[in-house]
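Next come the chains, spelled out residue by residue.
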Amino acid sequence: MTIREFAKLCEVSPATASRFFSGRGSISEPVRLRIEQMAKKTGYAPPASFRGRRKTSAVIAVILPHFRQCFFNDMIEQLRVYAERMGKRLIILPADMDNPQNTMSLISACEPMGVILLHESIDFPLADALSRRNLPVIVCGALAAGRRFSAVHIDDMMAAYDGTNYLLGLGHTRIGFLTDASRAISSGFQRLTGCRKALEDAHLPFDEGMTQPGGMTFDDGYNGMEALLNRNPDLTAVFAFSDDLAAGAITRLHEMGKRVPEDISVLGFDDNSMARRFSPPLTTVHQPMDQIAQKTLERLTNMQGAHDVSSLTLACEIAERASCRAYRASEG
């Protein structure tokens, strides 16, 4: 079947079909879905000239919401290392949340072979625009909102379940949670769901007052820790949903005269590059960032257009250091 014949089946022009397979130019969502469904139905594969065109580019655009979280900076470095080994170059673009078209203009200018999103909360109009362009897009380190893009990530719900069980196993029952402003299906929502399930399985109540939602940065942990402790002065442990949050929380606890872990244990999430260097060294949920970066790039370079929306889930574990200890009721 020629591309003209395929285009006729889809009731579009050959030029539109060409834009779909090459990833060049914008296509409306209804037309994109129609072509995608027909490609799946007929098994049509574009000519080699279209399949190879995007792969000739050595540029990959990485879009992130900000630089204030160590996780993003660490992941960019891991992506850079593996991209260099593959002969690819990264262009880092902070998402313009106020005007997503500015970000799309930059993407169009560099004509990348694909786009990596470093967070599932990237502005939805930007995600819509990326879908219309039919660029290969993959979410790195999170599950794509709405399952609209491929993703490489850990099981956030199970990771948080294991983290909460780790603290329960140390004897803690008064556990506070420093979280992000979670939305349905976001990683923060899944982590909170895992925490809730662990408490439920231990026959303990989940108290919304034991959570402090906000952002995921050091400042969010610093400010959130005081608010959480003021509401719950009998806390014996805190589970922070990022190492940045944990670091901010520990800093504020020290200022408030609380010792970590003697008075309050603090568990982080990510195992970023600062976790081992913090005082005390941070016990945290370890994300395999090197594997996530490697698999993200491998999957992106093997994608044809925006057809692949599957996800790859990698295992995580607890990295035990010095910020958590066993709680004995006689000490409370």
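Structure shown above.
Parameters and conventions
- Residues numbered from 1 in each chain as written.
- Predicted model: local features only at pLDDT ≥ 70, side-chain atom pairs only at ≥ 80, totals over all residues.
- Heavy atoms only, no water.
- Pairing = 2+ DSSP bridges.
- Helix = DSSP H or I, 4+ residues; strand = E, 2+ residues; numbered from the N terminus.
- Axes fitted to C-alpha atoms, helices over the stretch in contact; angles between N-to-C directions.
- Contact = heavy atoms within 4.5 Å.
- Left-handed = near helix turned anticlockwise from the far one by under 90°.
- Nonpolar A, V, L, I, M, F, W, Y, C, P; charged D, E, K, R; others polar.
- Core = buried A, V, L, I, M, F, W, Y, C linked by side-chain atoms within 4.5 Å.
- Buried < 20%, exposed > 50% of the residue type's maximum accessible area, 1.4 Å probe, protein only.
- Arc of directions from axis to C-beta.
- Lys, Arg positive; Asp, Glu negative; His and termini not counted.
- Salt bridge = Lys/Arg side-chain N within 4 Å of Asp/Glu carboxyl O.
- Expected span 1.5 Å × (residues − 1).

Description of the sheet that holds strand S9 (residues 265-270)
Pairing within the open sheet is mixed, and its 6 strands lie in the order S7-S6-S8-S9-S10-S12. Taken across any chain shown, the strands that pair with only one partner, and hence form the sheet edges, are strand S7 (211-214) and strand S12 (317-319). Neighbour-to-neighbour, the strand axes of this sheet turn through a mean angle of 20 degrees, independent of strand direction. Relative to S9, strand S8 (residues 237-240) runs parallel, the two being bridged by 3 bridges. Across the sheet, the residue bridging to Phe239 is Leu267, located in S9. Of the strands in this sheet, strand S6 (175-180), S7, S8 and S9 are in contact with helix H9 (residues 187-201), which crosses S6 at around 165 degrees.

Here's the deal with the packing of helix H1 (residues 3-10) against helix H3 (residues 29-42)
The contact between H1 and H3 brings their axes to 9 Å, and the two run at 115 degrees. You can see that H1 and H3 cross each other, and the crossing is right-handed. Facing H1, whose interface residues are Phe6, Leu9 and Cys10, H3 presents Arg34, Ile35, Met38, Ala39 and Thr42. Among the residues making up the contact of H1 with H3, the classes are represented as 6 nonpolar, 1 polar and 1 charged.

As for the nonpolar core
Met75, Leu79, Ile116, Leu118, Met225 and Phe239 are the most contacted members of the largest nonpolar core, which totals 62 residues. The element that contributes the greatest number of residues to this core is helix H5 (residues 70-85), accounting for 7 residues. Ignoring any residue separated from it by four or fewer positions in sequence, one finds Leu118 in contact with Val62, Ile63, Leu64, Phe72, Met75, Ile76, Leu79 and Cys140. Leu117, Leu126, Ala127 and Phe149 belong to the second largest nonpolar core, which has 20 residues in total.

What to know about helix H6 (residues 100-110)
Three or more residues of H6 are buried, namely Pro100, Thr103, Met104 and Ile107. All buried residues of H6 lie within an arc of 100 degrees about the axis, which places them on one face of the element. Looking one or two residues beyond H6, the residue adopting positive phi is Glu111, at roughly 45 degrees.

Focus on the side chain of Asp270
By the element assignment, Asp270 lies in strand S9. For the buried Asp270, no salt bridge is present, and the opposite-charge side chain at shortest range is Arg191, 4.4 Å distant. Excluding residues within four positions of it along the chain, Asp270 makes contact with Gln69, Phe71, Arg191, Ser242, Asp243, Thr284, Val285, His286, Gln287 and Met289.

Things to note about H5
Compared with an ideal rise of 1.5 Å per residue, which puts 16 residues at 22 Å, H5 spans 23 Å between its outermost C-alpha atoms and is within 8% of the ideal. Within the span of H5, buried status applies to Cys70, Phe71, Phe72, Asp74, Met75, Ile76, Leu79, Tyr82 and Ala83. Immediately downstream of H5, the backbone of Gly87 shows phi near 75 degrees, a positive value.

Here we look at the sheet that holds strand S2 (residues 89-94)
On the basis of which strands lie adjacent, the open sheet formed by 6 strands has the order S2-S1-S3-S4-S5-S11 and parallel pairing. Each of the sheet's edge strands pairs with one partner strand only, and the pair in question is S2 and strand S11 (311-314). Between one strand axis and the next, the sheet turns through 20 degrees on average, direction left out of account. Bridging between strand S3 (residues 114-117) and strand S4 (residues 137-140) involves 3 bridges; their strand directions are parallel. Directly across from Leu117, in S4, lies its bridge partner Val139. Lying over the sheet, H6 contacts strand S1 (59-64), S2 and S3, oriented at roughly 165 degrees with respect to S2.

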